[in-house]
Amino acid sequence: MSRTNRSTPLINQAIALYGGTFDPIHYGHLRPVEALSGLIGLKEVIWLPNNIPPHRPQPEASSQQRLEMVRLALEPYSSFKVDVRELEKPTPSYTIETLRDFRKEIGDKQPLAFIIGQDSLLSISTWHQWNELLNVCHLLVCARPGYQTHFENTQMQTWLTQHQTKQQEDIHCLPSGKIFLADTPLYNISATDIRARHKAGLNCHDLLPNSVEDYIRQQQLYK
Ligand code: ATP
């Protein structure tokens, strides 16, 4: 497992990235991205566990443990790959920097997409240099229960409507600049809830893969 190598451009086939803390990875990550892949026709999704997320408390599991859980969860999916570049960085993982890093490798013409959940879209204006994101990639947004499908803030809503597309082809034909709100299935699952359930000694079987659940128990995580 290493950094993905992108020397051959895949014009007309977007490269999709999915970043997260994955503390732990769960079906609220896996199933919407699986559905999105089918909907958009993504040949490959590169999962990027991050190291020190800038806007949130530090993860409970170590980088190595989160990476191992992602690796275990992605095993059944041949089109899902892991990239460790954010984990290897000793500094905060800023999405814009990671995207620019990919952009340098793949060139200006290659379509590049970053996958987020609806909650992340709603708070995107808090991200480092968020206004630059669409210069580098498209945003593919998975539905998440409990989150509005529009911004309360008028400027942000204008930004969304200016960039929104309902054409999947745009994601594969243009290098960047579009937002696609995907009608993916809703999973009311969060890593916060899973950690709390483990602390309370509750079962999490329907929330994440058995292999990840077994690993959590074996490593005595989230006690
Ligand atoms: P936590 O509860 O610790 O905040 P989380 O479950 O939200 O974690 P993250 O690793 O922070 O998971 O999220 C990575 C990405 O996955 C984000 O873009 C987030 O919006 C998305 N995501 C997480 N859970 C869901 C879900 N249930 N449905 C859709 N998207 C989700």
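Right, let's walk through the structure included here. Each chain carries its own residue numbering, running from 1 in the written order of its sequence. Per-residue local features are limited, in this predicted model, to residues with pLDDT of at least 70; the limit for side-chain atom pairs, both in listing and counting, is 80 or more; totals at the level of whole chains, interfaces and linings are taken over all residues. Each side-chain value is worked out from all heavy atoms of the structure, with water and hydrogens disregarded.

The subject of this paragraph is the overall build of the protein. Along the backbone of the protein there are 10 helices and six strands. Against the 2.2 N^0.38 benchmark of 17 Å for 223 residues, the protein shows a C-alpha radius of gyration of 17 Å, consistent with a compact globule. Across its three principal directions, the C-alpha atoms of the protein cover 45 × 40 × 35 Å. Looking at the protein residue by residue over its 223 residues, the buried ones come to 50%. Put simply, of all contacts in the protein between residues at least 6 apart along the chain, 77% involve residues at least 24 apart. Runs of H or I in DSSP of at least four residues are treated as helices and runs of E of at least two as strands, each being numbered from the N terminus. Throughout, radius of gyration means the C-alpha value; the globule benchmark is 2.2 Å times the number of residues raised to the power 0.38. Classification of residues uses two cut-offs on accessible area relative to the type maximum, computed with a 1.4 Å probe and protein chains only: under 20% is buried, over 50% is exposed, and between them is partly exposed. Between two residues, a contact is recorded if the distance between any of their heavy atoms is within 4.5 Å.

Before going further, it helps to spend a moment on the packing of helix 2 (residues 63–74) against helix 10 (residues 210–218). Only the stretch in contact is used when a helix axis is fitted, and all axes are lines through C-alpha atoms; the angle between N-to-C directions ranges over 0 to 180 degrees. It is the contact of helix 2 with helix 10, at a shortest axis distance of 8 Å, that shows an interaxial angle of 155 degrees. Classed by the angle they form, the pair helix 2 and helix 10 counts as roughly antiparallel. Regarding helix 2 and helix 10, the two cross each other, and that crossing is right-handed. For the pair formed by helix 2 and helix 10, the contact residues are Gln 65, Glu 68, Met 69, Leu 72 and Ala 73 on the first element and Ser 211, Val 212, Tyr 215 and Ile 216 on the second. Side-chain classes follow a simple rule in which Ala, Val, Leu, Ile, Met, Phe, Trp, Tyr, Cys and Pro form the nonpolar group, Asp, Glu, Lys and Arg form the charged group, and the remainder, Gly included, forms the polar group. In terms of residue class, the contact of helix 2 with helix 10 is built from six nonpolar, two polar and one charged. Each angle gets one of four labels, with under 35 degrees taken as roughly parallel, over 145 as roughly antiparallel, 65 to 115 as roughly perpendicular, and the rest as oblique. Whether a crossing is left-handed or right-handed is set by the direction in which the near helix is turned from the far one by less than a right angle, anticlockwise for left-handed and clockwise for right-handed.

Here we come to the pattern of salt bridges. The term salt bridge refers to a pairing of a side-chain nitrogen on Lys or Arg with a carboxyl oxygen on Asp or Glu at a separation within 4 Å. Under the defined criterion, the tally for this structure stands at 13 salt bridges. A salt bridge links Arg 71 to Glu 75, with the nearest nitrogen and oxygen atoms 3.3 Å apart. Residues joined in a network through salt bridges with shared partners are Asp 23, Glu 60, Arg 195 and Lys 199.

Spatially, 3-2-1-4-5-6 is the arrangement adopted by the six strands of the open sheet, whose pairing is parallel. Pairing within the sheet leaves two strands with one partner each, and these edge strands are strand 3 (80–82) and strand 6 (179–182). Averaged over all pairs of adjacent strands, the angle between strand axes in this sheet comes to 25 degrees, irrespective of strand direction. Two strands are said to pair when DSSP picks up at least two bridges between them. Across five bridges, the pairing between strand 4 (residues 112–117) and strand 5 (residues 138–142) is parallel. Along strand 5, the bridge assignment pairs Gly 117 with Cys 142.

Mapped onto the secondary structure, Tyr 94 falls in the loop between helix 3 (85–88) and helix 4 (95–106). Separated by 20 residues in sequence, Tyr 94 and Phe 114 place their C-alpha atoms 13 Å apart.

Moving on, we get to the side chain of Asp 23. Inspection of the secondary structure puts Asp 23 in the loop between strand 1 (15–20) and helix 1 (27–40). In terms of polar contacts, Asp 23 uses its side chain to reach the backbone amide nitrogen of Glu 60, at 2.7 Å. Setting aside chain neighbours within four positions, we find Asp 23 in contact with Pro 59, Glu 60, Ala 61, Arg 66, Ala 191, Arg 195 and Tyr 222. The term polar contact refers here to a pair of N or O atoms within 3.5 Å; inside protein, the definition further demands a hydrogen-donor-capable atom paired with an acceptor-capable atom, and it admits residues adjacent in sequence only when both atoms are side-chain atoms.

This part covers helix 9 (residues 191–199). What helix 9 keeps buried is the set Ala 191, Ile 194, Arg 195 and His 198. What you see down the axis of helix 9 is that its buried residues fit within an arc of 100 degrees, all on one side. The secondary structure elements touched by the buried residues of helix 9 are helix 10. Of the residues trailing helix 9, Gly 201 is marked for its positive phi of about 75 degrees. What the arc describes is the spread of directions from the helix axis to the C-beta atoms.

Take unusual backbone geometry next. The amide bond that connects Asp 23 to the next residue, Pro 24, takes the cis arrangement and shows omega of 5 degrees. As for its placement among the helices and strands, Pro 24 is situated in the loop between strand 1 and helix 1. Of note in the backbone geometry, Gln 220 takes a positive phi value of approximately 55 degrees without being a glycine. On the accessibility criterion, Gln 220 (57% relative accessible area) is exposed. We note that Tyr 222 has phi near 55 degrees; this positive angle belongs to a residue other than glycine. Summarising the element assignment, Tyr 222 is placed in the segment after helix 10.

Purely spatial values, then, with no claim about function.
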